[in-house]
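A structural walkthrough
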Amino acid sequence: MTTTITIDECAAWLSERDRFLIITHRRPDGDTLGSAAALASALRAAGKTAYAVNNAETTARYLPFIEKFHAPDGFVPETIVAVDTASPELFPDAVSKLIAPADIELAIDHHPSNTLYAKRTLCDPSRASCGEIIFDVISRLGELGPDAVSALYIAVATDTGCFSYDNTDAGAFFTASRLASLGADIAGLNRLLFRSRTRARVAIEGMIYSDMQFLFDGRAAVVAITNAMMKSSGADEDDMENIAALPVSIQGVLAGATIRELRAGGCKVSVRAAPGVDANGICARFGGGGHTAAAGFTSKLSPEELRPQIISVLEEFIAR
Ligand SMILES: [Mn+2]
């Protein structure tokens, strides 16, 4: 049973506690890592001991912003806080081994699916990013330092896709505007996050575009990314961020299926759709699901076996 708290209550409660460990979620993104770094930074500025878990899946892009807050081995926390994490199943493996969900004193989140696992919850699903809630909380603890400012800009900018996704609203711009007044390096961070790519990313994108199959007068596109392509491009998971968005970014494509061959065999398929086409319905045919605009499923079949099956379902949904 959780207690729902307000931003003011959260700030007051944090000022009374010490020895913080902040938990980020599996496959950490800019929002969970930026939220954790900003919270740790603000708690330290308030004279507290605060660390973030050393999340093993943190990619090279985000490491410079979170590394300095990583908890040393053997750190014994008194106050465990989870950020941007909807349920304990999303804790990294190393965290699940050491920490029971009942030990979480506070969760700060913006997912409507938050399972209310923590003793206290500050969750506002109307916010585009968890970072915006963190901003409101730590602004009550004192002045934000440069680490917190950069980390929160990363949180807000990444969860809104550089202020381009459907969730982008006045609140996201408001927080970004405050961060800009506080000196956030907007152009530099945008270049790092959105305007630069690794050579491996360019290589895998090149293979994807040359392999892409256009169907039904270009209204659908299917691409398969094999293990062999991953190997020859040198791409790793960090290079694959949002790769499933490529087919529907092409004019005229209403539905795009991206088949990812898994190293252990089988495939993971991501379907993205333009308004009017139901990606969730397409994936439900294969036992998967998600949202209208983005959905997915996994299969034991190979990419070559799956491709014709996906094409025939796409035809049905595109023809509607
Ligand atoms: Mn988030």
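About the cut-offs
- Residues numbered from 1 in each chain as written.
- Predicted model: local features only at pLDDT ≥ 70, side-chain atom pairs only at ≥ 80, totals over all residues.
- Axes fitted to C-alpha atoms, helices over the stretch in contact; angles between N-to-C directions.
- Helix = DSSP H or I, 4+ residues; strand = E, 2+ residues; numbered from the N terminus.
- Parallel < 35°, antiparallel > 145°, perpendicular 65-115°, else oblique.
- Left-handed = near helix turned anticlockwise from the far one by under 90°.
- Contact = placed C-beta atoms within 7 Å.
- Nonpolar A, V, L, I, M, F, W, Y, C, P; charged D, E, K, R; others polar.
- Pairing = 2+ DSSP bridges.
- Domains from an automatic or database assignment.
- Core = buried A, V, L, I, M, F, W, Y, C linked by C-beta atoms within 7 Å.
- Buried ≥ 20, exposed ≤ 12 C-beta atoms within 10 Å, placed from the backbone.

Concerning the packing of helix α6 (residues 146–159) against helix α7 (residues 170–181)
Contact geometry of α6 with α7 gives a least axis separation of 10 Å together with a crossing angle of 155°. In this view, α6 runs roughly antiparallel relative to α7, as classed from their interaxial angle. Our pair here, α6 against α7, has a crossing hand that is left-handed. The residues of α7 that touch α6, namely those facing Val149, Leu152, Tyr153 and Val156, are Ala172, Thr175, Ala176 and Leu179. Among the residues forming the contact of α6 with α7, the class breakdown is seven nonpolar, one polar and no charged.

So, the packing of α6 against helix α8 (residues 186–194)
Contact pair α6 / α8: the axes reach a minimum separation of 11 Å and the direction vectors enclose 55°. As the angle between them shows, α6 and α8 are arranged oblique. The way α6 lies across α8 gives a crossing that is right-handed. Across the interface between the two elements, Ser150, Tyr153, Ile154, Ala157 and Thr158 from α6 touch Ile186, Leu189, Asn190 and Leu193 from α8.

A short note on the sheet that holds strand β2 (residues 20–23)
With parallel pairing, six strands are arranged side by side in an open sheet as β1-β6-β5-β4-β2-β3. Because the sheet does not close on itself, it has two edges, and the strands there are β1 (3–4) and β3 (50–52). As defined by bridge partners, β2 adjoins β3 across three bridges and the pair is classed as parallel. Each residue of the ladder has a partner; that of isoleucine 22, found in β3, is alanine 52. Against the sheet, helix α2 (residues 30–45) touches β2, β3 and β4 (79–83), its axis set at about 165° to β3. Contacts from helix α5 (residues 130–139) reach β4, β5 (106–109) and β6 (120–123) within the one sheet, and its direction differs from that of β5 by about 120°.

Structural notes on the sheet that holds strand β12 (residues 294–299)
The sheet built from six strands is open, its strands ordered β7-β8-β9-β10-β12-β11 with mixed pairing. Either end of the sheet is taken by a strand with one partner, and the two such strands are β7 (213–215) and β11 (289–290). When β7 meets strand β8 (residues 220–225), the two strands line up antiparallel, connected through three bridges. Pairing of glutamine 213 across the sheet is with valine 222, part of β8.

Concerning the domain arrangement of the protein chain
You can read the domains of the protein chain as domain 1 (3–194) and domain 2 (199–319). Computed over C-alpha atoms, the centres of domain 1 and domain 2 are 31 Å apart.

Re the nonpolar core
A general feature of soluble globular proteins is that nonpolar side chains tend to end up buried together. Ranked by size, the top nonpolar core spans 58 residues in total, and within it Ile22, Leu39, Ile134 and Leu152 carry the most contacts. Per-element accounting of this core gives the leading share, nine residues, to α6. Among all residues touching isoleucine 134, those that are not within four sequence positions of it are Ser35, Ala38, Leu39, Val83, Ile108 and Leu152. Val253, Ala255, Ala273 and Ala295 belong to the second largest nonpolar core, which has 28 residues in total.

With respect to the environment of arginine 307
Here arginine 307 shows up in helix α12 (residues 303–319). Separated by 48 residues in sequence, arginine 307 and isoleucine 259 have C-alpha atoms that sit 8.1 Å apart. Discounting residues that sit within four places of it in the chain, arginine 307 has contacts with Val222, Ala224 and Ile259.

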